[in-house]
Amino acid sequence: MISMIRQRIEELRRQLDYHNHKYYVENAPEISDFDFDAMMRELQELEREHPEYADPASPTLRVGSDLGAEFRTVRHRYPMLSLGNTYSLDELHEFLGRIEREAGATDYVCELKFDGTAISLTYEHGRLVQALTRGDGVEGDDVTANVRTVRSVPLRLRGEGWPELFEIRGEVLMPYASFDRLNAEREANGEQLFANPRNAAAGTLKQQQSAVVARRGLDCTLYQLTGDDLPFATHWESLEKAREWGFKVSGEARICRSVAEIDAFIAHWDEARRLLPFPTDGVVVKVNDFAVRRQLGFTAKAPKWAVAYKFKAEQALTRLESVSFQVGRTGAVTPVANLDPVLLAGTTVRRATLHNAEQMALLDIRPGDMVYVEKGGEIIPKITGVELSERPAGSRPFSYIDRCPECGTPLVRYEGEAKHYCPNQSGCRPQIIGRILHFIRRKAMDIEGLGEETVELLYDNALLHDIADLYDLRAEQLAPLPRLGEKSADNIIRSIRRSAEVPFRRVLFGLGIRFVGETTAKYLAEHFRSLEAVMHASREELVEADEVGGKIADAILEYFADAGNLRIIDRLRRAGVQFEAAARELASESLAGKSLVISGRFSRSRDEMKELIERHGGRNLAAVSGSVDYLVAGEKTGPAKLKKAEKLGIRILSEEEFLRLVAEGPSAADDGMPRPADGNAAGSAPEDGGGTAPDTSGESAPGSSPAAAPAPEDGKDATRPGTVPADSGETAATKDNAGKTPAATRQGELF
């Protein structure tokens, strides 16, 4: 029976890998989404029931984990160098001329220059084992867990003939469709928009939860193999092999045998790139023959055998007629440029963002100016400069407003914010209407019949002033209003009443707390289970919830510190709105009356661990305190948390001991793990973590293979972007009375 289960698991993994490749790489699906999802659900269930068959290359891991990630810095086996950039064909011809004078006539490979974020993937024995960002070219951040969720990245290779150990470099991209969807969601949630797909891809790849990465629809195209003794004579041959092994390699690349062919390739894609589903900002020209590459060598910063030709950004010159200001539901004030209509990148542009006061002052923008408008990789047009030679005589510098354009309240700027805000939440019309529209939207309370015009109508007739007023409306108040009538009024009231049944997570989202989007609200609801718990949580407890950082925690605290908001909450409670998560049907009562804290990394997501606790009658707590019965400690549990648990006499369980506790009840945890009667810890944790993570970067020098030379990242400079500080990986080496290290600190690497 066991062997049959294992065979089924392996078969499902093979089938899902095959269909994943057909869909995401070949764009030729062979089965329906329904059939694919059915196989995925079957595999997830089997893996949940049989964790002994866990495999880090399983396709189920592509859905990601809600476990927070802390990125450790790893040294690149081969440095990721930059490419030199050129912006004119004359400069490109000079570069090609130098190559031919030194090495003679040679073939080139021309590839699109993808506008994403560089990645280096390491494969060992045909499996993905590591993914590193470029970093500073010498060291990068380990984002393996996040990259595993990118569907076009193979977790295990296809075919045969691949080296036992090699790296492949490429670009993680956010296609335009994913970018548009993400920004639409962020705009609806009152969150700051990503400027372009490149920034969105880079920001997504450094997300703390891989489940967030999985949802955002990243793609990955690979373009350079690196390793010792790779069995290829040319770059083109290596790309063909990479495609056979399951990698997504650009189908637009071409071999060019003359300068004229290279120029034709560039001219074609300078126009055709507008039809591509992903961002690209140039063409990379590389010598094809690895022997010629070895002959040409490198400068201190870049290879002499490759260069990036950069396309010019889409730009147009038009007149700035006026500047207007928009006030969002959070009070953020955004200046908008009203332009003479101009055709740009296939669309007519009438308005462009001016971002904030600092940006306007930097460009010295004034109404009446002739301004340059660009799109480039931007979806929202932006003004990049002023044609000063055409500035009207007598023009005066623009004075930014200091009062809200809607209600006249003096504007404020919060620390760390570039935008100005109107603080008059309860009296500023667009903020009030915006919050009501947010509350009634489909993903929140889903109240039908109340569009923007109707909400404005009700506000102007003094029937709505906040979201709680919705539950005081009566049909006879609505029926006489323009465009409504009795039938519409009855439908609206019925929909409002039905909204009282909407689950707590959507209610929390609907409240419109700053920075709390749909996903964050879901995590908060799952973590705290009631609005009362969220309202009374400390900042420390709030940041324990998935997707909640300090900025979001502060916004939550600020929201519930407002007396007006508390009055609205009280009225919503009296109206019967759901302020508690629905009780779950218990699988057992093995954890009844017990409180647990989950901390660290495990073989399953933290949400799964918490769900197990609740399904078996237990209660999840965010922080270690005297009311906690068990601390379930995985990899990278903080030394301070372990020390506090020991000081309070709290049992510390490994994942295996926790699962035994779930299956057998408290007696399982008592075996061999007595809780000290006096409340003191059985042992003590040293102040120092006492160790560092081993260096697994494998600093092997490049061999004689041409492909083993440092691989450049196409067109990126060597400046390292800001990174998330990595955890040192140190844990407290606690010991029990017998002098043995507890299981919580003995676990090996799980991912």
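Residues numbered from 1 in each chain as written. Predicted model: local features only at pLDDT ≥ 70, side-chain atom pairs only at ≥ 80, totals over all residues. Heavy atoms only, no water.

Trainee: Quick one: what's the story with the packing of helix 3 (residues 89-103) against helix 9 (residues 259-272), residue by residue and with numbers?
Mentor: Here helix 3 crosses helix 9 at 145°, and the two axes come no closer than 11 Å. Here the hand of the crossing between helix 3 and helix 9 comes out right-handed. Contact residues: helix 3 offers L89, L92, H93 and L96, while helix 9 offers V259, I262, D263 and I266. Classifying every residue of the contact of helix 3 with helix 9 by side-chain character gives 6 nonpolar, 1 polar and 1 charged. (Axes fitted to C-alpha atoms, helices over the stretch in contact; angles between N-to-C directions. Helix = DSSP H or I, 4+ residues; strand = E, 2+ residues; numbered from the N terminus. Left-handed = near helix turned anticlockwise from the far one by under 90°. Contact = heavy atoms within 4.5 Å. Nonpolar A, V, L, I, M, F, W, Y, C, P; charged D, E, K, R; others polar.)

Trainee: Any details on the sheet that holds strand 19 (residues 595-599)? Residues and values, ideally.
Mentor: Taken in spatial order, the 4 strands line up as 20-19-21-22 in an open sheet, and their pairing is parallel. Both edges of this open sheet fall to strand 20 (619-620) and strand 22 (651-653), since each of them pairs with a single strand only. Pairing between strand 21 (residues 630-633) and strand 22: 3 bridges, direction parallel. Its bridge partner lying in strand 22, L631 is registered against I652. Contacts between helix 23 (residues 639-647) and the sheet are confined to strand 19, strand 21 and strand 22, with strand 21 contributing the most and set at about 150° to the helix. (Pairing = 2+ DSSP bridges.)

Trainee: Give me the packing of aromatic side chains: which residues, what numbers.
Mentor: The tally for this structure, following the rule as stated, stands at 14 aromatic pairs. Ring centres of Y123 and F247 lie 5.0 Å apart, and the angle between their planes is 85°; on these two criteria the pair is classed as edge-to-face. Remark: F247 occurs in the loop between helix 8 (235-244) and strand 10 (254-256) and Y123 occurs in strand 5 (residues 117-124); sequence separation between them is 124 residues. Using a relative accessible area of 0% as the deciding quantity, one classes Y123 as buried. Judged by relative accessible area, which is 1%, F247 ranks as buried. On the basis of an interplanar angle of 85° and a centroid distance of 6.4 Å, the ring pair of F439 and Y471 is categorised as edge-to-face. One end of the pair, F439, is in helix 12 (residues 429-440); the other, Y471, is in the loop between helix 13 (452-460) and helix 14 (475-478), with 32 residues separating them in the sequence. (Phe/Tyr/Trp six-rings, centres within 6.5 Å; stacked < 30°, edge-to-face > 60°. Buried < 20%, exposed > 50% of the residue type's maximum accessible area, 1.4 Å probe, protein only.)

Trainee: Kindly report on the sheet that holds strand 11 (residues 280-287), identifying the contributing residues and their values.
Mentor: In space, the 5 strands of this open sheet follow the order 3-12-11-4-10, with mixed pairing throughout. Two strands bound the open sheet, and with one partner strand each, they are strand 3 (84-86) and strand 10. When the angles between neighbouring strand axes are averaged without regard to direction, this sheet yields 35°. Direction of pairing for strand 4 (residues 108-114) relative to strand 10: antiparallel, over a ladder of 3 bridges. Residue pairing across strands places Y108 opposite C256, the latter belonging to strand 10. Across the sheet, helix 3 is in contact with strand 3, strand 4, strand 11 and strand 12 (306-310); its angle to strand 12 comes to roughly 170°.

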